[in-house]
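Topology and contacts: notes
Read off the chains here:
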Amino acid sequence: SQMVSYEVAMGPSLVGAFMVYGSPRLNDMVRWQNENSWGIFVQPVAFFLFFAAAIAEHKRIPFDAPEGESELVAGYFLEYSSMKFVMFMTGEYIEMAISSADSVTLFLGGWSLPFLHRDGITVSIGDAVLLKVALSHFAVTVLQALAFFGKVTAFTFWSIFIRWTVPRFRYDQIMAFGWRFLLPASIANLVATGLLI
């Protein structure tokens, strides 16, 4: 029931972004953000809701009520030791990296960088070109890959930083956060996005 309380809100928070981008395809979303503006500026409420639901989906502090990993006995992990426990923890870190990659793709422009275009780096204000550096297709591709993995790494660190700083919520607080805040806010964002479009 804890997982359902924030997973339900994760879907409508993404639908608002899909409406703005005009497509549920990840490539189209990144291209739209590259041509217009990053999704965090266009859909800031959806970004916050998706980020909060993704942190909760990791089942790490502050949403680790089932595990209680900071306690002496680590919840249902008590029965596992050695490699089985490592596999569970590795799975959680992989989940964190994948949700960070999703967040970067949906709201932080994916592989795109400001001023980086297919032919190189072009810094311009209006018609005045301040800087133009021609780059090969391979160099642009490498820069885009580094940008994507750099954003994912920074976002993963931000998720871990929240885990380090925020105390654990009680079970009733987690449920209230999911059902009374995340879900109504995601539906309100969906309605507001529909009205604006």
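The sections below set out a description of the structure shown in this document. (Residues numbered from 1 in each chain as written. Predicted model: local features only at pLDDT ≥ 70, side-chain atom pairs only at ≥ 80, totals over all residues. Heavy atoms only, no water.)

Some points on the packing of helix H2 (residues 26–35) against helix H5 (residues 82–107)
Taken N-terminus to C-terminus, the directions of H2 and H5 make an angle of 50 degrees; their axes are 8 Å apart at the nearest point. With respect to H5, the axis of H2 lies oblique. Taking contact as the criterion, the partners of Leu26, Met29, Val30 and Gln33 in H2 are, on H5, Thr105, Leu106 and Phe107. The residue makeup of the contact of H2 with H5, split by class, is five nonpolar, two polar and no charged. (Axes fitted to C-alpha atoms, helices over the stretch in contact; angles between N-to-C directions. Helix = DSSP H or I, 4+ residues; strand = E, 2+ residues; numbered from the N terminus. Parallel < 35°, antiparallel > 145°, perpendicular 65-115°, else oblique. Contact = heavy atoms within 4.5 Å. Nonpolar A, V, L, I, M, F, W, Y, C, P; charged D, E, K, R; others polar.)

Looking at the side chain of serine 13
Within the secondary structure, serine 13 is located in helix H1 (residues 2–21). For serine 13, a relative accessible area of 0% gives the class buried. Once you skip the residues sitting within four places of it in the chain, serine 13 turns out to touch Ala46, Leu49, Phe50, Ser186 and Asn189. (Buried < 20%, exposed > 50% of the residue type's maximum accessible area, 1.4 Å probe, protein only.)

Details of the packing of aromatic side chains
A full pass over the atoms with the stated rule returns eleven aromatic pairs. Aromatic pair phenylalanine 47 and phenylalanine 51: ring centres 6.1 Å apart, planes at 10 degrees, arrangement stacked. Taken together, the residues phenylalanine 47 and phenylalanine 51, both in helix H4 (residues 44–57) and four residues apart, mark about one turn of the helix. Aromatic ring contacts, followed pair by pair, group Phe47, Phe50, Phe51, Phe107 and Phe155 into a single cluster. (Phe/Tyr/Trp six-rings, centres within 6.5 Å; stacked < 30°, edge-to-face > 60°.)

Things to note about the environment of serine 1
The residue serine 1 is located in the segment before H1 in this model. Taking the relative accessible area as the measure of exposure, serine 1 reaches 59% and is therefore exposed. Among all residues touching serine 1, those that are not within four sequence positions of it are Tyr171 and Met175.

Concerning the pairing of strand E3 (residues 128–134)
Little of E3 sits out of view: just zero of its seven residues are buried. Pairing between strand E2 (residues 120–125) and E3: six bridges, direction antiparallel. Bridge assignment links isoleucine 125 to a residue of E3, and that residue is alanine 128. Between the end of E2 and the start of E3, which pair antiparallel, lie two residues, with glycine 126 showing a positive phi angle near 65 degrees. (Pairing = 2+ DSSP bridges.)

Here's the deal with the packing of H4 against helix H7 (residues 171–196)
Packing of H4 against H7 leaves a shortest axis separation of 10 Å and a crossing angle of 150 degrees. As far as their axial angle goes, H7 and H4 are roughly antiparallel. Relative to H7, H4 is oriented so that their crossing is left-handed. Contacts from Val45, Ala46, Phe48, Leu49 and Ala52 of H4 reach H7 at Phe177, Phe181, Leu182, Ala185, Ser186 and Asn189. Here the contact of H4 with H7 is built from residues that sort into nine nonpolar, two polar and no charged. (Left-handed = near helix turned anticlockwise from the far one by under 90°.)

Some thoughts on H2
Counting along an α-helix, one turn takes 3.6 residues, and residues three or four places apart therefore face a common direction. All of the buried residues in H2 are Met29, Val30 and Gln33. Down the axis of H2, the buried side of the element spans an arc of 95 degrees, and every buried residue falls inside it. On the buried face of H2, the contacting elements are H1, helix H3 (39–42) and H5. (Arc of directions from axis to C-beta.)

Topic: the environment of alanine 17
Structurally, alanine 17 is set in helix H1. For alanine 17, a relative accessible area of 0% puts it in the buried group. Each residue touching alanine 17, except ones within four places of it in the same chain, is listed here: Gln43 and Phe107.

Things to note about the pairing of E2
Relative to E2, strand E1 (residues 116–117) is paired through two bridges, and the arrangement is antiparallel. Along E2, the bridge assignment pairs leucine 116 with isoleucine 121. The hairpin turn running from E1 into E2, its antiparallel successor, is two residues long.

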